Protein chains: 2
Amino acid sequence: MNVSFTAHIKCSECPIRHRAVCARCDDDELQTLEAIKIYRSFEAGSPILWRGDELKYVASVVNGVATLGKTMEDGRTQMVGLLLPSDFIGRPGRNEIEFDVVAATDVTLCCFERRPFERLIETTPHIAQRLMEIALDELDAARDWMLLLGRKTAREKIATFIEMLVRRQNIQGLDGASPDLALPLTREEVANYLGLTLETVSRQLTSLKNDGVLTFTDRRHFEVKDIAALQEATGDDADGGVIF
Amino acid sequence: MNVSFTAHIKCSECPIRHRAVCARCDDDELQTLEAIKIYRSFEAGSPILWRGDELKYVASVVNGVATLGKTMEDGRTQMVGLLLPSDFIGRPGRNEIEFDVVAATDVTLCCFERRPFERLIETTPHIAQRLMEIALDELDAARDWMLLLGRKTAREKIATFIEMLVRRQNIQGLDGASPDLALPLTREEVANYLGLTLETVSRQLTSLKNDGVLTFTDRRHFEVKDIAALQEATGDDADGGVIF
DNA sequence: AGGACACTTTGATACAGATCAACCTCGATG
DNA sequence: CATCGAGGTTGATCTGTATCAAAGTGTCCT
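From a predicted model like this one, the values you see are computed outputs, not experimental measurements. Throughout, a residue's number is its position along its own chain's written sequence, starting from 1. Naming scheme: in the order in which they are written, chains are lettered from A and ligands are numbered from 1. Given that this is a predicted model, residues contribute local features only at a pLDDT of at least 70 and side-chain atom pairs are listed and counted only at 80 or more, while totals for whole chains, interfaces and linings are drawn from all residues. Excluding hydrogens and water, the side-chain values take into account all heavy atoms of the structure.

## With respect to the relation of the copies chain B and chain A
Right, so step 1: Of the two same-sequence chains, chain B is brought onto chain A (RMSD 0.0 Å, axial shift 0.0 Å) by a rotation of 180°. Given the turn and translation reported, the copies of this chain are related as if by a two-fold rotation axis. Within chain B, the C-alpha atom positioned nearest to the axis of rotation is that of B:Met132, 2.2 Å from it.
Right, so step 2: Of all interface residues in chain B, 98% are interface residues in chain A too; the two copies therefore contact each other through one and the same surface. When the copies are overlaid, the least-squares fit takes in C-alpha atoms only where the residue has pLDDT of at least 70 in both copies. The criterion used for residue contact is that any of the two residues' heavy atoms lie within 4.5 Å.

## Remarks on the domain arrangement of chain A
It is common to give the size of an interface as the accessible area lost on bringing the parts into contact.
Residue and element names in this part refer to chain A.
Right, so step 1: What counts as a domain boundary in this text is fixed by an automatic or database domain assignment. For chain A, the assigned domains are domain 1 (3-146) and domain 2 (153-233).
Right, so step 2: Between domain 1 and domain 2, the C-alpha centre-to-centre distance is 26 Å.
Right, so step 3: Tallying the contact residues gives 14 residues for domain 1 and 12 residues for domain 2.
Right, so step 4: Computed with a 1.4 Å rolling probe, the buried area is the accessible surface lost when two parts are put together, summed over both parts. Between domain 1 and domain 2, roughly 1,200 Å² of surface is buried when both sides are summed, and carbon and sulfur atoms account for 62% of that area.
Right, so step 5: Considering only the surface of domain 1 that becomes buried against domain 2, Met-79, Leu-82 and Trp-145 emerge as the three largest contributors, covering 47% of it.
Right, so step 6: We define a salt bridge as a side-chain nitrogen of Lys or Arg found within 4 Å of a carboxyl oxygen belonging to Asp or Glu. For the pair domain 1 and domain 2, the number of links is one salt bridge.
Right, so step 7: What counts as a helix is a DSSP run of H or I of at least four residues, what counts as a strand is a run of E of at least two, and both are numbered from the N terminus. The biggest single contributor to the side of domain 1 that touches domain 2 is strand 6 (residues 77-83), with five residues.
Right, so step 8: Residue composition of the side of domain 1 that touches domain 2, by class: seven nonpolar, five polar and two charged. Residues are grouped as follows: Ala, Val, Leu, Ile, Met, Phe, Trp, Tyr, Cys and Pro are nonpolar; Asp, Glu, Lys and Arg are charged; all remaining types, including Gly, are polar.

## So, the packing of aromatic side chains
Residue and element names in this part refer to chain A.
Right, so step 1: Between the rings of Phe, Tyr and Trp (Trp by its six-membered ring), a pair exists once the centres lie within 6.5 Å; its type follows the angle of the planes, with under 30 degrees stacked, over 60 edge-to-face, and the other angles tilted. Counted under the stated rule, the structure contains 10 aromatic pairs over all chains.
Right, so step 2: Centre to centre, the rings of Phe-216 and Phe-222 are 6.0 Å apart; their planes meet at 50°, and the pair counts as tilted.
Right, so step 3: The rule is simple: take the accessible area with a 1.4 Å probe, protein chains only, and divide by the maximum for that residue type; under 20% is buried, over 50% is exposed, in between is partly exposed. By relative accessible area, which is 25% here, Phe-216 ends up partly exposed.
Right, so step 4: Residue Phe-222 is classed as buried on the basis of its relative accessible area, which comes to 0%.
Right, so step 5: A connected cluster of aromatic rings, assembled from ring pairs, spans Phe-88, Phe-112 and Phe-117.
Right, so step 6: Stacked on the ring of Tyr-57, the Lys or Arg Arg-40 has its end atom at 4.9 Å from the ring centre. Two conditions define a charge located above a ring, namely a distance within 6 Å from the ring centre to NZ of Lys or CZ of Arg, and an angle within 35 degrees of the ring normal.

## Describing the side chain of A:Lys157
Residues and elements named next belong to chain A.
Right, so step 1: Checked against the element boundaries, Lys-157 lands in helix 4 (residues 154-171).
Right, so step 2: Charged residues are defined narrowly, with Lys and Arg counted positive, Asp and Glu counted negative, and His plus the chain ends left uncounted. Buried charged residue Lys-157 carries no salt bridge. Nearest counter-charge: Glu-156, at 8.8 Å.
Right, so step 3: Here Lys-157 is in contact with Leu-148, Leu-149, Lys-152, Leu-194, Gly-195 and Leu-196, once residues within four sequence places are set aside.

## Topic: the protein's contact with DNA strand C
Right, so step 1: Whether a residue is near a molecule or strand depends on its heavy atoms: it is near if one of them lies within 4 Å of it. Neighbouring DNA strand C are 17 residues; A:Arg187, A:Ser202, A:Arg219, B:Ala154 and B:Thr200 lie closest to it.
Right, so step 2: A share of 61% of the atoms of DNA strand C within 4 Å of the protein falls on sugar and phosphate groups.
Right, so step 3: Here a phosphate oxygen of DNA strand C and a backbone polar atom of B:Ala154 are 2.8 Å apart.
Right, so step 4: Among the elements that line the surface near DNA strand C, the one with the most residues is helix 6 (residues 198-210) of chain A, at five residues.
Right, so step 5: In the surface near DNA strand C, the residues fall into three nonpolar, seven polar and seven charged. Think of a polar contact as two N or O atoms within 3.5 Å of one another; within protein, one of them needs to be a possible hydrogen donor and the other a possible acceptor, and neighboring residues in sequence only count if both atoms come from side chains.

Structure, rendered in structure tokens:
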């Protein structure tokens, strides 16, 4: 089965408590959220929402990785976002979703029915404020990605992508030296994210490997051997844009 | 002189009153805004904010067109947004701006000092709610643009851009048949927006002209002769994504 | 264990759009 | 009103990445 419901976890013990849409809520407000939330899990590869679907729920990613994409009539596709834990799915104030959301790995979501959630936005400023912050952060990220898509070379795209994975996975806990990182996407999905073909992705990864920047432990796991060289290859200036 | 201050206009008579960040505010709330706002004008071509500048003000575009762009070390640039009247500039909760903002035409802004504005966000839910809506709308637009940058051909990019101009300028007032539209950007700026070179932009515009889709009345003004063909050329499906 | 299938790599070739270069257009300026 | 310069067009050529094609790798299933 692709979708399943999952045991209720208390908000206060939730791993994304301090980064998700609920981050600013106090205990009372959490109680209210607690009452309308429900966990759902999706298997790797299964669709979560399809473009044009009615948007019954909005949700936070609790764990796993989902992709947000658009498809053209003739089948060309472009990924427009990578949803990692604490990222938000859905659009209060809109009935349909405009994107395809797919589970890239096994994913657990914390879902809220949209209507009650919209009412909460009206009555709970902490939620609107946090959602505003999240939206503004994603907007910045989307704009960085526009620079990547519009102007970067294939090698720069790959390097930027890897560098982003390093940064975001380091934040998720285990800091320090960054050995053995997970690549949560196939070559084809990476290509969709970067506006390339899967062959080009493969060639550029091989090239980074040959240049001693990366090593692969298996297809889905790699180590960065030379972070400075990786940074250099992104084309960004030293402390490139993203304030962390 | 490049920058000038402009006579105060009452919010209640402001042309963007119902679309800008103040859209949801009631009369009392407008009073508060009125007290901290100030109009500033910029000549076509002059910079409004430079990447890394301290973000003293946030602002709404009252009239004119500004561009939002990123520049790489080696000079490659990508425009990441086109700011038309009612669009919002700045990021509450951040000290520096990450982008270059430039006046493409003469521009008037309605500026609020950032600190007092941030306090207003805390105390005036209508502003946080509206800013959330604006951010989410821009996020959708940014994601549409990611599809364009990552996957569309040069012709599709140009057609999509023109179609967006038609749509947005029709909303700004004079509806009906859409004769004589303004092209607020140079070929080079269009190229920066679409991830192309100026030569390619020029060739594609010529090609659309030869195909009877457009005619130019002068370099900065054109008419769409065949909207259906334009739509077709965008590569989007009939009612492509953007609602209304 | 063997086969099938999904994913990946590698190679050969094609092409859209970049780059380099020359010329055109037109409004501003002395 | 001649000149100048920014912006625009058009042409020739080059190149990075797509496309087409084939073969390699690992994992799941029977």
